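Listed below are the residues making up each chain.
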Amino acid sequence: MAEMVKSTTSSGPRTAEAGPVARFFRATEIDTRLLGMIGALVIIWIGFHIITGGLFLTPRNLWNLSVQTTDIAIMTTGMVLIIVTRNIDLSVGSVLGLCGMIMGVTQAKILPEYIGFDSPFTWVITLLIGLIAGGLIGAFQGIIIAFLNVPSFIVTLGGLLVWRGATWLVTSGQTVAPMDQTFRIMGGGAEGSIGATWSWIVGIGACLFVIASIIGSRRQRRRFGFPQRPVWAEYFLATLSCVLILGAVSIANSYYWPINIAKKYAETNNIPWPETGLDIPYGIAVPVLIAIVVGIIMTFIATRLRFGRYVFAIGGNPEAAELAGIKTRWVTVRIFALMGVLAAIAAAISTARLNAATNSQGTLDELYTIAAAVIGGTSLAGGTGTIAGAMLGALVMQSLQSGMVLAHVDTPLQSVVVGTVLVVAVWLDTVYRARAK
């Protein structure tokens, strides 16, 4: 305790010498890289809002943007762990396409013969088959990488071609549709949203969760004698988090169902149609909730479980990790299996949103997934990366793509912009690592 007091008091002059901004960041422990990315995202949003004549920052576009981001955001959480261990997975887009096709065929052609098309178990069986398929594909690639010592770049590059070809072979290139009605809820839309009331309930619950987490973290620090944030910093973080959460809920509730869908809903439920129309808020989309839950679970795995510590240990120094007794090969297999499961979840959301399984589903998603992870601060040199940063990177990538579509930018030029952003992000990471040394 004396040493702790000594170290705390010895840092006093340095704290006093630091500027107010530095003291603020030190007190709140806000990640400056993450804050910089948020600043870049705000600039992108404002810029596209001006360029598109006020179309970008509307509830409709922001709601659609959140739904469109979910596929890449879910897969990039697994890509973080893969890149942290100094590997790469170029096959996630093809795995998404194959899992989507398997789930489409399962519910549209196979299950109706046994349990009927409208069975309440159709979506459960379909999702389980898709998750198992994705996990097995990922584990198969992981075994080749870990036990046959084939570089992950080559294995997953081969997987990109093999699984894309397999997707075509399942139905000889035919599109499979429609999907089960309950399964389609995972895709968003009017049926795939939770409405205004439940959105507020979820938002308030999230605020309470954030406050409880801050209180729990403070108690843990006090218990183990770690330095604590000032009380004002705790209040600031709790207030800021709640404002952002409730603001997002408010935006989601500001986007209403189209008139035709609202009229159909009113007729079905015997609701009289008022002269001014019926405003029914979408609320938070189900795929967005799925992505948030996946992000929380993956953050818990990466930061709180032994498996996550093993992953970062391998990325920091593979030889030392193996000498320390970590079964590095099996950890690698589990990482790729987990990546396959996440690709299957993204496939379920994508297939449900399209209401069809197509041969081209997931094309180029591997590049967007890797780019999102790198832009989010995951170093290609291994050892560093955050789930939250990667998901924010996915939002940046989708914001660029959505904004360029609204601005009527040609597709080739969109690719130029995305490629340039990726190269700049890697260069900035190199500069940051060099300065950190």
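Residues numbered from 1 in each chain as written. Predicted model: local features only at pLDDT ≥ 70, side-chain atom pairs only at ≥ 80, totals over all residues. Heavy atoms only, no water.

## Some thoughts on the overall build of the protein
For clarity, the threshold we go by: In this text, helices come from DSSP runs of H or I with a minimum length of four residues, and strands from runs of E with a minimum of two, each type numbered from the N-terminal end. For the radius of gyration, the atom set is restricted to C-alpha positions; the globular benchmark scales as 2.2 Å times the number of residues to the power 0.38. A 1.4 Å probe rolled over the protein chains alone gives each residue an accessible area, and that area as a share of the maximum for its type sets the label: buried under 20%, exposed over 50%, partly exposed in between. Accessible areas in this description were obtained via Shrake-Rupley with a 1.4 Å probe; residue shielding takes into account the shown protein chains only. The charged-residue count follows a simple rule in which Lys and Arg add positive charge and Asp and Glu add negative charge, with His and chain termini not counted at all. One atom stands in for each charge, and that atom is NZ of Lys, CZ of Arg, CG of Asp or CD of Glu.
Counting its regular elements, the protein contains 19 helices and zero strands. Since a compact globule built from 437 residues should have a radius of gyration of about 22 Å, the 23 Å found for the protein is in line with a globular shape. Dimensions of the protein along its principal axes, counting C-alpha atoms only, are 70 × 65 × 45 Å. Here the protein holds 437 residues, and 43% of them are scored as buried. Only carbon and sulfur atoms are counted for the fraction: they give 67% of the accessible area of the protein, which is about 22600 Å². Separation between the mean location of the 28 positive side-chain charges and that of the 20 negative ones in the protein comes to 12 Å.

## Focus: helix H17 (residues 365-375)
Counted residue by residue, H17 has ten buried out of eleven residues, so it is predominantly covered. Within H17 the residues assigned to the buried category are Asp365, Glu366, Tyr368, Thr369, Ile370, Ala371, Ala372, Ala373, Val374 and Ile375. Remark: glycine 377 follows H17 within two positions and exhibits a positive phi of approximately 105°.

## Details of the packing of aromatic side chains
Two aromatic rings, taken as a pair, are described by how far apart their centres are and by the angle between their planes. What counts here: For Phe, Tyr and Trp, rings pair up if their centres lie within 6.5 Å, where Trp contributes its six-membered ring, and each pair is then called stacked (planes under 30 degrees apart), edge-to-face (over 60) or tilted (otherwise).
On inspection of all chains with the given rule, the structure shows eleven aromatic pairs. With a centroid separation of 5.5 Å and an interplanar angle of 55°, the aromatic rings of tryptophan 63 and tyrosine 255 are classed as tilted. With tryptophan 63 in helix H5 (residues 59-84) and tyrosine 255 in the loop between helix H11 (231-253) and helix H12 (259-268), this pair connects stretches of sequence that are 192 residues apart. The exposure class of tryptophan 63 is buried, given its relative accessible area of 7%.

## Thoughts on the pattern of salt bridges
The condition is simple: Any Lys or Arg side-chain nitrogen found within 4 Å of a carboxyl oxygen on Asp or Glu counts as a salt bridge.
Within this structure, the stated rule accounts for five salt bridges. A salt bridge links glutamate 29 to arginine 221, with the nearest nitrogen and oxygen atoms 2.7 Å apart. Of this pair, glutamate 29 sits in the loop between helix H3 (20-28) and helix H4 (32-51) while arginine 221 sits in helix H10 (residues 195-224), and the two are 192 residues apart along the sequence. By relative accessible area, glutamate 29 is classed as partly exposed at 42%.

## Considerations on the packing of H4 against helix H18 (residues 387-406)
Rule in force here: Comment: axis = line fitted to C-alpha atoms, over the contacting stretch for helices; angle = value between 0 and 180 degrees taken between N-to-C directions. In what follows, roughly perpendicular refers to angles from 65 to 115 degrees, roughly parallel to angles under 35, roughly antiparallel to angles over 145, and oblique to any angle outside these ranges. Left-handed describes a crossing whose near helix is turned anticlockwise from the far helix through less than a right angle; right-handed describes the clockwise counterpart. Residues are treated as being in contact if the distance between any of their heavy atoms lies within 4.5 Å. Residues are sorted three ways: Asp, Glu, Lys and Arg are charged, Ala, Val, Leu, Ile, Met, Phe, Trp, Tyr, Cys and Pro are nonpolar, and all the rest, Gly among them, are polar.
Orientation of H4 relative to H18, taken along the N-to-C sense of each, is 15°, at an axis distance of 10 Å. It follows from the interaxial angle that H4 and H18 lie roughly parallel. Our pair here, H4 against H18, has a crossing hand that is left-handed. Judged by residue contacts, Leu34, Met37, Ile38, Leu41, Ile44, Trp45 and Phe48 of H4 engage Gly389, Leu392, Gly393, Leu395, Val396, Ser399, Leu400, Gly403 and Met404 from H18. Here the residues of the contact of H4 with H18 sort into twelve nonpolar, four polar and no charged.

## A word on the domain arrangement of the protein
Note the cut-off: Throughout the structure description, domain borders are defined by an automatic or database domain assignment. Accessible area, probed at 1.4 Å, shrinks when two parts are joined; the buried area is that loss added up over both. Two N or O atoms count as a polar contact when they lie within 3.5 Å, although within protein this holds only if one can serve as hydrogen donor and the other as acceptor, and sequence-adjacent residues are included solely when both atoms are side-chain atoms.
Its domain assignment divides the protein into domain 1 (68-188 + 285-404) and domain 2 (193-284). Relative to domain 2, the C-alpha centre of domain 1 lies at a distance of 27 Å. Taken together, the contacts link four residues of domain 1 with five residues of domain 2. Roughly 400 Å² is buried in total at the junction of domain 1 and domain 2, and carbon and sulfur atoms are behind 75% of that figure. Of all residues in domain 1, Ala285, Val286 and Leu289 bury the most surface against domain 2, accounting for 76% of the area lost on that side. At the boundary of domain 1 and domain 2, one finds zero salt bridges. Summed over the shared surface of domain 1 and domain 2, the result is one residue pair in polar contact (both at pLDDT 80 or more). Split into classes, the residues belonging to the side of domain 1 that touches domain 2 amount to four nonpolar, no polar and no charged.

## A word on the packing of helix H6 (residues 92-110) against helix H9 (residues 152-171)
Their axes nearest at 7 Å, the elements H6 and H9 cross at an angle of 20°. Looking at the two axes, H6 sits roughly parallel to H9. Where H6 crosses over H9, the handedness of that crossing is left-handed. Along the contact surface, H6 presents Gly93, Ser94, Val95, Gly97, Leu98, Met101, Val105 and Lys109, while H9 presents Gly159, Leu160, Trp163, Arg164, Ala166, Thr167, Val170 and Thr171. Taken together, the residues that form the contact of H6 with H9 break down as eight nonpolar, six polar and two charged.

## A word on the nonpolar core
Here is the rule we go by: The term nonpolar core refers to a set of buried residues drawn from Ala, Val, Leu, Ile, Met, Phe, Trp, Tyr and Cys, joined through side-chain atoms within 4.5 Å.
If you look at the biggest cluster of nonpolar residues, it comprises 79 residues, and the most contacted ones within it are Met75 and Met79. A per-element tally of this core places helix H16 (residues 328-354) first, with 13 residues. Discounting chain neighbours no more than four positions away, the residues touching methionine 75 are Val92, Leu96, Met339, Leu342, Ala343, Ala346, Asp365 and Thr369. With 13 residues, the next largest nonpolar core counts Val67, Val249, Ala262 and Val288 among its residues.

## Describing the state of the cysteines
Heads up, the rule is: Cysteine sulfur atoms are paired as a disulfide whenever they fall within 2.5 Å.
Evaluation of the coordinates by the stated rule reveals zero disulfides. Cysteine cysteine 242 is unpaired, with the sulfur of cysteine 207 as its nearest cysteine sulfur at 3.4 Å.

## Here's the deal with a nonpolar patch on the surface
For clarity, the threshold we go by: The patches described consist of residues with a relative accessible area above 30% and no salt bridge, like charges being joined within 9 Å and nonpolar side chains (Val, Leu, Ile, Met, Phe, Trp, Tyr) within 5 Å.
Among the surface-exposed residues, Ile110, Tyr114, Ile115, Phe121, Trp123, Val124, Ile125, Leu128, Ile129, Ile132 and Leu136 lie close enough to one another that they form a single nonpolar patch of about 1000 Å² accessible area. The set of elements that each furnish at least two residues to the nonpolar patch consists of helix H7 (112-115) and helix H8 (122-147). With seven residues, the top contributor of residues to the nonpolar patch is H8. Note on placement: leucine 136 falls in helix H8. With relative accessibility at 57%, the residue leucine 136 sits in the exposed group.

## Describing helix H13 (residues 286-304)
The condition is simple: Take the residue count of a helix, subtract one, and multiply by 1.5 Å to get its expected span.
Over its 19 residues, H13 extends 26 Å from the first C-alpha to the last, a length consistent with the 27 Å expected when each residue adds 1.5 Å. Each element contacted by the buried residues of H13 is listed here: H5, helix H14 (306-316), H16 and H18.

## Remarks on unusual backbone geometry
That bond from alanine 177 to proline 178 is cis: its omega, -5°, falls within 30 degrees of zero. Along the chain, proline 178 turns up in the loop between H9 and H10. The phi angle at leucine 364 is positive, at roughly 70°, despite the residue not being glycine. Tracing the backbone through its elements, the reader meets leucine 364 in the loop between H16 and H17. Here the phi dihedral of histidine 408 falls at roughly 60°; this positive angle occurs in a residue that is not glycine. Mapped onto the fold, histidine 408 is located in the loop between H18 and helix H19 (411-436).

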